There are 2 protein chains.
Amino acid sequence: MSSAADSSDAMLEQLIAKEILPQSGNWEGTEEFLNRIVQVLLKYIKDQNDRDQKILEFHHPDKMQMLIDLSIPEKPENLLKLVKGFEAGRFTYEIAPVFILMEKSVMTRMWEAVGWDPEKADGIFAPGGAIANLYAMNAARHQLWPRSKHLGMKDIPTLCCFTSEDSHYSIKSASAVLGIGADYCFNIPTDKNGKMIPEALEAKIIECKKEGLTPFFVCCTAGSTVYGAFDPLENVANICERHKLWFHVDAAWGGGMLLSPEHRYKLAGVERANSVTWNPHKLMGALLQCSACLFRQDGLLFQCNQMSADYLFQQDKPYDVSFDTGDKAIQCGRHNDVFKLWLMWKSKGMEGYRQQINKLMDLANYFTRRIKETQGFELIIENPEFLNICFWYVPSKIRNLEPAEMRARLEKIAPKIKAGMMQRGTTMVGYQPDKQRPNFFRMIISNQAITREDLDFLIKEIVDIGESLE
Amino acid sequence: MSSAADSSDAMLEQLIAKEILPQSGNWEGTEEFLNRIVQVLLKYIKDQNDRDQKILEFHHPDKMQMLIDLSIPEKPENLLKLVKGFEAGRFTYEIAPVFILMEKSVMTRMWEAVGWDPEKADGIFAPGGAIANLYAMNAARHQLWPRSKHLGMKDIPTLCCFTSEDSHYSIKSASAVLGIGADYCFNIPTDKNGKMIPEALEAKIIECKKEGLTPFFVCCTAGSTVYGAFDPLENVANICERHKLWFHVDAAWGGGMLLSPEHRYKLAGVERANSVTWNPHKLMGALLQCSACLFRQDGLLFQCNQMSADYLFQQDKPYDVSFDTGDKAIQCGRHNDVFKLWLMWKSKGMEGYRQQINKLMDLANYFTRRIKETQGFELIIENPEFLNICFWYVPSKIRNLEPAEMRARLEKIAPKIKAGMMQRGTTMVGYQPDKQRPNFFRMIISNQAITREDLDFLIKEIVDIGESLE
Ligand SMILES: Cc1ncc(COP(=O)(O)O)c(C=O)c1O
Ligand SMILES: Cc1ncc(COP(=O)(O)O)c(C=O)c1O
């Protein structure tokens, strides 16, 4: 290697020794790093399209696994080393086997985090949590009534499923799409913290059976969309065991918490699930889309989804075809969703995500504390367990109104404050109503670059805009 | 503007006046262009994450439409002008409204190409053609039996659907996933050119009705996966009209042909479809994933998929919420699949795609001719209509064998030739068997950079490897 390259490596190394998140005030480092990556990619494009170069460098999957270490490490890996690894190795053969190996490597860490044996588990990357939930429900139906794949729903009993009233609408949507029917997806009430009430679940299951329905699937939400609530997984797992129901955990939002030993207890019991949806594009900060549907038992996904399209998945290829995973998917062509996650995870290591999640939780706790201290703020859930902090701001003018009038006024406050934010262009927080409550703000702390000062600023802005309203 | 920028613009302009496809031997132009785009993106990242900058520049959708001309032009647009447009305007507000407007602008051209009134049509970008086909079948079921969304398939008649035996397996898969059942998706035989036989379709529909089934959905393939065949759309449309069935056209692969007035006739009748799947990530050269499911009638998609998740799609936002399209999707978060297509299409114009497709068709015809002229090659379909050319190479050693032995030997030839290609690393062509035939090559000409010389080289390689086999 030339000494010019050496010295520019040394320079880059120094620049990226500091944080390179674009918000972190080390723009030179961020820019240099990104430019370096672009140069690697440009070289790749050039070589790949050069008629004098081989169009592929064929390696068998087992050899490929030895050529590149695809495993996710405990400790962070040096970013520059990672980039140089790419410069050194051009790795594509057939359509996408390196990415299949990366999926496997990433999923292995996810299976372990859930508490499953990676030798026995299965999974697939899906275009979003909604479709991941659909995969899970479809597999559950297949396990119970494999004939439905071929003969549909006509001559099997009337199935029904259960999810909390605060769960994501994609569960009901899956039930509609699969031909089970949205109305046979029952909403189980939640307690004041937004958690499914297990007794209510069991009562509903029993009631359904009495009415001649066939319960088959229960979804627990781990990190609900609005309140960030974690359903009581152990209790629900017990109920599912008693009634022999498929136990799905929608951890699209909360899954990342499994990477923090400090906070993992909030998902205790998740290892008893049959399937878990986990969106790295949420808490883990991967760009949209990056979403996994994980299964405790290998095999079902394939049985359920394969349509034996021999022409695509033929068995006489000159390499081990067990690495072709297309037949497990409802999709045919799949966008490469794993590479960005693999690269991030490789460079952060398990340690990096642990810190990242703990830091976000600390910030959320800080924000909650500050809101409790500040006049006019009212929390929807007194002690949020996660990164969702839902609250009203009640301007002083309306603090002493009667409940009914207060409610009517409150309904309009959040939209007005948000409009003010959009005008100023300084901050942005979403709001919504729920069944009982008028419009409230839903603050989600998931950006890694957030600081305590940002949160203080936000509180100040809300007070400022809120107090200035007519 | 500084004169430095001016002069570098002039230089760039000159460099990109020639073709900038990376294979085209103008690497300097390709590289400069990509670097310029990267600089625009870097500046965007920098500004976007600068705490001193506004986090958004809010514009109402109608105003936004005036600020940027999002429409797809007839003639190519100057690339540099497009890039400079991005430099000038930072356009994001709320989550993704610019991209919604881009989807609308791109779909308008697609609706027009299909032959529909854009004022009345509808559509959605889906993660791949398989899911687009699922959207179509789901909407068809909803139109016929809207109650199935809520009550499932139990108390409605037994539905069934039809597709050609050479159609993509995602049609059968959709039937399985939706709870209709894969076995109620009937395969209609095709003729020797791979086209669905309309008489066979109608006979099967009548037979199904006699057996008490309820036909509801017919899929025609426009550009079949293996043979590139176009089903006879007009004839099938007539049958669908007679029997009041939903008429879907899976033009995932062939859709791009609608952009060539010269070749469009192969899809004559497509305007009579109720829904069309069209994958710009195939013929139009957009990167995976980019796939649209188009509907002739507006409204159904929303009725069928909306689950009224008020908290996500609330109606009191400070702008025209008819631009929020989330509720039409089975997905929740969606990857931005449209931007790349919009940019390409904007820069090529309608004219550019017309030329591109005509050029590919010319190459395919050239390849077919050359193969017919060259000893040892045998076409599966004598006169391919599209970009799929399926053939055997029969090495001279086995040309005089008895049919049965020839067949057994042929089965192994294509895999061996492909293995030879992978060893040399010079070319790559896929192969597969079909129900009647031993392994054959399936050449797809879709790369814009292919030249006649490349095709001559490929033929030479196949002969060379084929003749050298033991
Ligand atoms: C005719 C046809 N329909 C549908 C599909 C599926 O498209 P996708 O791979 O985008 O899911 C394909 C893909 O090969 C196809 O050829
Ligand atoms: C709990 C939960 N499940 C599922 C989803 C759907 O995920 P996606 O948007 O990736 O489809 C969400 C998204 O907000 C969610 O919060």
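Per an unreviewed UniProt entry, chain A is named Glutamate decarboxylase 1, and its organism is Caenorhabditis tropicalis. Per UniProt, chain A carries the Sequence similarities (unreviewed entry) text "Belongs to the group II decarboxylase family."

Caption draft 1: Just the overall build of chain A, in detail. Assigned secondary structure in chain A consists of 14 helices and 11 strands. A buried classification covers 59% of the 470 residues belonging to chain A. Within chain A, residue pairs in contact and separated by at least 24 positions form 70% of the contacts whose partners lie at least 6 positions apart. Summed over all atoms, the accessible surface of chain A reaches about 19,300 Å², with 53% contributed by carbon and sulfur.

Caption draft 2: Looking closely at helix α10 (residues 233-243) of chain A. All names here are of chain A. Every buried residue of α10 is listed here: Leu-233, Val-236, Ala-237, Ile-239, Cys-240 and His-243. Taken down its axis, α10 places every buried residue within 160° of arc, on the same side. When the buried face of α10 is taken as reference, the exposed residues oriented beyond 90 degrees from it are Glu-241 and Arg-242. Elements that come into contact with the buried residues of α10 comprise α9 (198-210), β4 (214-221) and β5 (246-250). A positive backbone phi angle near 55° is found at Lys-244, which sits one or two residues after α10.

Caption draft 3: Layout of unusual backbone geometry. Residues and elements named next belong to chain A. Geometrically, the link from Leu-288 to Gln-289 is a cis peptide bond, its omega value of 0° lying close to zero. Along the chain, the position of Gln-289 falls in the loop between β6 (275-278) and β7 (291-295). If you check the backbone angles, Lys-244 has positive phi at about 55° while not being a glycine. Residue classification places Lys-244 among the exposed positions, given a relative accessible area of 72%.

Caption draft 4: The arrangement of the site of ligand 1 in detail. For ligand 1, the set of nearby residues contains 16 residues, the closest of which are Gly333(A), Gly129(B), Ala130(B), Asp250(B) and Lys282(B). Per-site note: the chains with residues close to ligand 1 are chains A and B. At 2.7 Å from an oxygen atom of ligand 1 is found a main-chain nitrogen or oxygen belonging to Gly333(A). His281(B) places a polar side-chain atom, nitrogen or oxygen, 2.9 Å from an oxygen atom of ligand 1. In isolation ligand 1 exposes 390 Å². Once the protein is present, 95% of that is buried. Element by element, the count of residues in the shell around ligand 1 is highest for helix α6 (residues 129-144) of chain B, at 3 residues. Considering only residue class, the shell around ligand 1 consists of 3 nonpolar, 11 polar and 2 charged.

Caption draft 5: Molecular detail of the UniProt feature "modified residue: N6-(pyridoxal phosphate)lysine" (unreviewed entry) in chain A. Residues and elements named next belong to chain A. As annotated in UniProt, the feature "modified residue: N6-(pyridoxal phosphate)lysine" (unreviewed entry) corresponds to Lys-282 in the numbering used here. Relative to the helices and strands, Lys-282 is located in the loop between β6 and β7. Residues in contact with Lys-282, not counting those within four places in the same chain, are Ala-252 and Trp-253.

Caption draft 6: Broad picture of the side chain of Asp250(A). Residue and element names in this part refer to chain A. Tracing the backbone through its elements, the reader meets Asp-250 in strand β5. No salt bridge is formed by the buried Asp-250; its nearest oppositely charged neighbour, Lys-282, is found at 8.3 Å. Among the polar contacts made by the side chain of Asp-250, one reaches the side chain of Asn-133 at a distance of 3.1 Å.

Caption draft 7: Representation of the pairing of strand β4 (residues 214-221) of chain B. All names here are of chain B. Most of β4 sits out of view: 7 of its 8 residues are buried. Alignment of strand β2 (residues 159-164) against β4, held across 5 bridges, turns out to be parallel. Considered in β4, the bridge of Cys-160 is made with Pro-215. Where β4 meets strand β5 (residues 246-250), 5 bridges bridge the pair, whose relative direction is parallel. If you follow Cys-220 over to β5, its bridge partner there is Val-249. As for the winding sense of the linkage, the β-α-β connection from β4 through helix α10 (residues 233-243) to β5 is right-handed.

Caption draft 8: Molecular detail of the sheet that holds strand β7 (residues 291-295) of chain B. All names here are of chain B. Judged by pairing direction, the sheet is mixed, and its 7 strands sit side by side in the order β1-β7-β6-β5-β4-β2-β3 without closing on themselves. Lying at the two open borders of the sheet, with one neighbouring strand each, are β1 (122-126) and β3 (185-188). Ignoring which end each strand starts from, the neighbouring axes of this sheet average 20° apart. In this sheet, β7 lies alongside strand β6 (residues 275-278) in antiparallel orientation, the contact comprising 4 bridges. Residue pairing in the sheet places Val-276 in a bridge with Leu-294 of β7. With respect to the sheet, α6 is in contact with β1, β2, β4, β5, β6 and β7, its orientation differing from that of β7 by roughly 20°.

Caption draft 9: Expanded view of the packing of helix α13 (residues 403-424) of chain B against helix α14 (residues 452-468) of chain B. All names here are of chain B. Interhelical geometry of α13 versus α14 gives an angle of 110° and a closest axis separation of 9 Å. With respect to α14, the axis of α13 lies roughly perpendicular. The way α13 lies across α14 gives a crossing that is right-handed. Contacts from Ile-417, Gly-420, Met-421 and Arg-424 in α13 reach Leu-458, Glu-461, Ile-462, Asp-464, Ile-465 and Gly-466 in α14. Residues that form the contact of α13 with α14 fall into these classes: 5 nonpolar, 2 polar and 3 charged.

Caption draft 10: The arrangement of the pairing of strand β11 (residues 440-444) of chain B in detail. Residue and element names in this part refer to chain B. Most of β11 sits inside the fold, with 4 of its 5 residues counted as buried. Judged from the 4 bridges that link them, strand β9 (residues 388-393) and β11 form a sheet pairing that is antiparallel. Bridging across to β11, Asn-388 finds its partner in Ile-444. Here strand β10 (residues 430-432) runs beside β11; their pairing, made up of 3 bridges, is antiparallel. The residue bridging Gln-432 from the neighbouring strand is Phe-440, located in β11.

Caption draft 11: The arrangement of the domain arrangement of chain A in detail. All names here are of chain A. According to the domain assignment, chain A consists of domain 1 (3-87), domain 2 (99-336) and domain 3 (351-468). Taken over C-alpha atoms, the centre of domain 2 sits 32 Å from the centre of domain 3. Tallying the contact residues gives 24 residues for domain 2 and 22 residues for domain 3. Between domain 2 and domain 3, roughly 2,000 Å² of surface is buried when both sides are summed, and carbon and sulfur atoms account for 58% of that area. Looking only at domain 2, the three residues that lose the most surface to domain 3 are Tyr-227, Trp-253 and Leu-283, adding up to 30% of its buried area.

Caption draft 12: Molecular detail of the site of ligand 2. Around ligand 2 lies a shell of 15 residues, among which Gly129(A), Ala130(A), Asp250(A), Lys282(A) and Gly333(B) are the nearest. More than one chain approaches ligand 2, the contributing ones being chains A and B. Residue Ala130(A) places a main-chain N or O atom 2.8 Å away from an oxygen atom belonging to ligand 2. Asn279(A) is positioned with one of its side-chain polar atoms (N or O) 2.9 Å from an oxygen atom of ligand 2. Within the complex, the protein chains bury 96% of what would otherwise be the 380 Å² of accessible surface of ligand 2.

Cut-offs and rules
- Residues numbered from 1 in each chain as written.
- Chains lettered and ligands numbered in written order.
- Predicted model: local features only at pLDDT ≥ 70, side-chain atom pairs only at ≥ 80, totals over all residues.
- Heavy atoms only, no water.
- UniProt positions renumbered as here; feature names shortened; annotations may be inferred.
- Helix = DSSP H or I, 4+ residues; strand = E, 2+ residues; numbered from the N terminus.
- Buried < 20%, exposed > 50% of the residue type's maximum accessible area, 1.4 Å probe, protein only.
- Contact = heavy atoms within 4.5 Å.
- Areas by Shrake-Rupley, 256 points an atom, 1.4 Å probe, with all protein chains shown as cover.
- Arc of directions from axis to C-beta.
- Near = heavy atom within 4 Å.
- Polar contact = N/O pair within 3.5 Å; in protein donor to acceptor, adjacent residues only side chain to side chain.
- Nonpolar A, V, L, I, M, F, W, Y, C, P; charged D, E, K, R; others polar.
- Lys, Arg positive; Asp, Glu negative; His and termini not counted.
- Salt bridge = Lys/Arg side-chain N within 4 Å of Asp/Glu carboxyl O.
- Pairing = 2+ DSSP bridges.
- Right-handed = clockwise from strand over helix to strand, strands pointing away.
- Axes fitted to C-alpha atoms, helices over the stretch in contact; angles between N-to-C directions.
- Parallel < 35°, antiparallel > 145°, perpendicular 65-115°, else oblique.
- Left-handed = near helix turned anticlockwise from the far one by under 90°.
- Domains from an automatic or database assignment.
- Buried area = accessible area lost by both parts, 1.4 Å probe.

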